[in-house]
Amino acid sequence: MTDAVNHVPVLTAEALQYLRPERGGLFVDCTVGLGGQARALLEAGATRVIGLDRDLDALAIARDTLAPWSERVELVHADYRTIDEVLDGRGISLVDGTLADLGVSSLQFDAPGRGFSFQRDEPLDMRMDRSCGATAAALVAQSNEKDLADAIFAYGEERFSRRIARAIVTARREAPIDTTGRLAAIVRRVIPRRGYTRIDPATRTFQALRIWTNRELEGLDRFLEAAARRLRAGARLVVITFHSLEDRIVKHTLRALERSGGAALRVLTKKPVTPDDAEVERNPRARSAKLRAAERVA
C-alpha cells in the first residue's frame, strides 16, 4: 500500500495562509486523505481537527500520520457532503475553518487494485469508498449507449464520446469490460491519432467514469452552502479542485453565496490560487490544482 511518505499535499502553504490555524480552534478537513494537510494544520497551531474521508484505506494511513496528535484529532468515515450530520452528531454548531481538498489521492491512483489508472491492468473499480456503491465496471456494463456517451461528454469533456460509447456497447457483447486495460484499449482504438498528444487518449474517459462512479459533482454546491453556514465569524473555507468542472461549481457557488448575503460570506480569491513552478516541478500532479477561499463575515 502507498504510504503517507509518498503523498505530497498540494497548495499546503497557501491553504494555511488563508485558514490561519495559528490562531487555534477547531478545523474540519473534509477530505483528510492520507493526513498531510491535517498534519500541517496541527503543526501550525490548530487546537483540534476533525478529518472526514470516504476511503477506509486512506483513513488507516491518516491515523498513522496523525498519531502524534491523536488526542486532538478525530477521524470519521464519511462523505464530505455529510458535514452537517457529522457536526450535529458531535454537538458542534460552528467551526474555525474548513478545508476541502477534492479529487483523487495519490493512494487511490497508485495503490494496486483500485482501478483509477490505466497504467496497470486491474479490476475496473474506481470507487473512493469501496464499502458501498456500484463500481465503474458495473456502470459500463449496465448503462445504455446514450447515458454512457452523455457521461463521457459531460464529465470528461470528450468530443468523441458517442464513438467511444458505441465501441463500449459493441465490445461488451463479446466479453465483459471489467479491467482498466480492456477499457483503455477500446477507447484508444476509436479515437483518431493526429500526431503527438500530451495525454493518453483514454484519459478523459477514465476521468468521466471516475466522476460518475463517485458522484463527485453531485451535491458539491450544497456542501459549500453547508460549510459556509458552519463557519464562525472570521473563519474561512478553503477548497482545492483538480479539474475545471469542479472549479466552475466552486467559483459560481461562492460568488452566489456572497451576492445573496444569506451566508454572510466574502470571497477572498477573485482568481484561483495555483501552484508555482517550483511546486509543479516537485509534484507534477499539482499542475491542475486551483484553490479558492472565502470568509464568514460578522
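What counts, and at which threshold
Residues numbered from 1 in each chain as written. Predicted model: local features only at pLDDT ≥ 70, side-chain atom pairs only at ≥ 80, totals over all residues. Heavy atoms only, no water. Helix = DSSP H or I, 4+ residues; strand = E, 2+ residues; numbered from the N terminus. Rg over C-alpha atoms; globule rule 2.2 N^0.38 Å. Buried < 20%, exposed > 50% of the residue type's maximum accessible area, 1.4 Å probe, protein only. Contact = heavy atoms within 4.5 Å. Lys, Arg positive; Asp, Glu negative; His and termini not counted. Charge placed at Lys NZ, Arg CZ, Asp CG, Glu CD. Salt bridge = Lys/Arg side-chain N within 4 Å of Asp/Glu carboxyl O. Core = buried A, V, L, I, M, F, W, Y, C linked by side-chain atoms within 4.5 Å. Pairing = 2+ DSSP bridges. Axes fitted to C-alpha atoms, helices over the stretch in contact; angles between N-to-C directions. Right-handed = clockwise from strand over helix to strand, strands pointing away.

A.B. asks: Go over the overall build of the protein with me, naming the residues and quoting the values.
C.D. replies: Along the protein, the regular secondary structure elements total 13 helices and seven strands. Here the C-alpha radius of gyration of the protein, 20 Å, is about what a compact globule of 298 residues would show, namely 19 Å. Overall, the protein is about 60 × 40 × 40 Å in size when its C-alpha atoms are taken along their principal axes. Taking all 298 residues of the protein together, 55% fall into the buried category. Expressed as a percentage of contacts within the protein between residues at least 6 apart in sequence, the contacts between residues at least 24 apart total 69%. In the protein, which carries 47 positive and 42 negative side-chain charges, the distance between the mean positions of the two groups comes to 6 Å.

A.B. asks: How would you summarise unusual backbone geometry if you had to cite specific residues and measurements?
C.D. replies: Unlike most non-glycine residues, Leu11 shows phi in positive territory, near 55 degrees. By secondary structure assignment, the location of Leu11 is in the segment before α1 (12-19). Phi at Glu157 takes a positive value of approximately 50 degrees, unusual for a residue other than glycine. Residue placement: Glu157 occurs in the loop between α7 (145-156) and α8 (161-174).

A.B. asks: Can you explain the pattern of salt bridges? Please cite residues and give values.
C.D. replies: In the structure shown here, the tally under the stated rule is 26 salt bridges. The salt bridge involving Arg130 is made with Asp57; its shortest N-O contact spans 2.3 Å. Of this pair, Arg130 sits in the loop between α5 (106-110) and α6 (136-142) while Asp57 sits in helix α3 (residues 56-65); the two residues are 73 residues apart in sequence, bridging distant segments of the chain. Assessed through its relative accessible area of 38%, Arg130 is described here as partly exposed. In this structure, the salt-bridge partner of Glu122 is Arg120, at a minimum N-O distance of 3.2 Å. With a relative accessible area of 31%, Arg120 lands in the partly exposed category. Put simply, Arg20, Arg236, Arg266 and Glu295 are held in one network by salt bridges that share partners.

A.B. asks: For the nonpolar core, give the residues involved together with the corresponding values.
C.D. replies: When a protein is soluble and globular, its nonpolar side chains tend to lie buried together. Of all hydrophobic cores here, the largest spans 31 residues; its most connected members are Ile50, Ile83 and Phe223. Elements that contribute at least two residues to this core include exactly β1 (26-29), β2 (48-53), α4 (83-88), β4 (95-101), α11 (220-229), β5 (231-241), α12 (244-260) and β6 (265-267). In terms of residue count, the dominant contributor to this core is α11 (six residues). Ranked by size, the runner-up nonpolar core spans 28 residues in total, among them Phe116, Ala136, Ile164 and Leu209.

A.B. asks: Which residues make up the sheet that holds β6, and what are the values?
C.D. replies: The seven strands lie next to each other as β3-β2-β1-β4-β5-β7-β6, forming an open sheet whose pairing is mixed. What marks the edges here is a single partner per strand, and that holds for β3 (73-77) and β6. Here the strands of the sheet are splayed against their neighbours by 15 degrees on average, with no regard to which way each runs. With six bridges connecting them, β5 and strand β7 (residues 290-296) associate as antiparallel partners. The residue of β7 that forms the bridge with Val238 is Ala293. Helix-sheet contacts for α1 involve β1, β4, β5 and β7, and the interaxial angle to β5 is about 165 degrees. Against the sheet, α11 contacts β4, β5, β6 and β7, and its axis sits at roughly 150 degrees relative to β5.

A.B. asks: Kindly report on the pairing of β1, identifying the contributing residues and their values.
C.D. replies: Of the two faces of β1, the one holding Leu26 and Val28 and the one holding Phe27 and Asp29 are both buried throughout. The handedness of the β1 to β2 crossover, carried by helix α2 (residues 36-44), is right-handed. Relative to β4, β1 is paired through three bridges, and the arrangement is parallel. Note that in β4 the partner of Phe27 across the bridge is Gly97.

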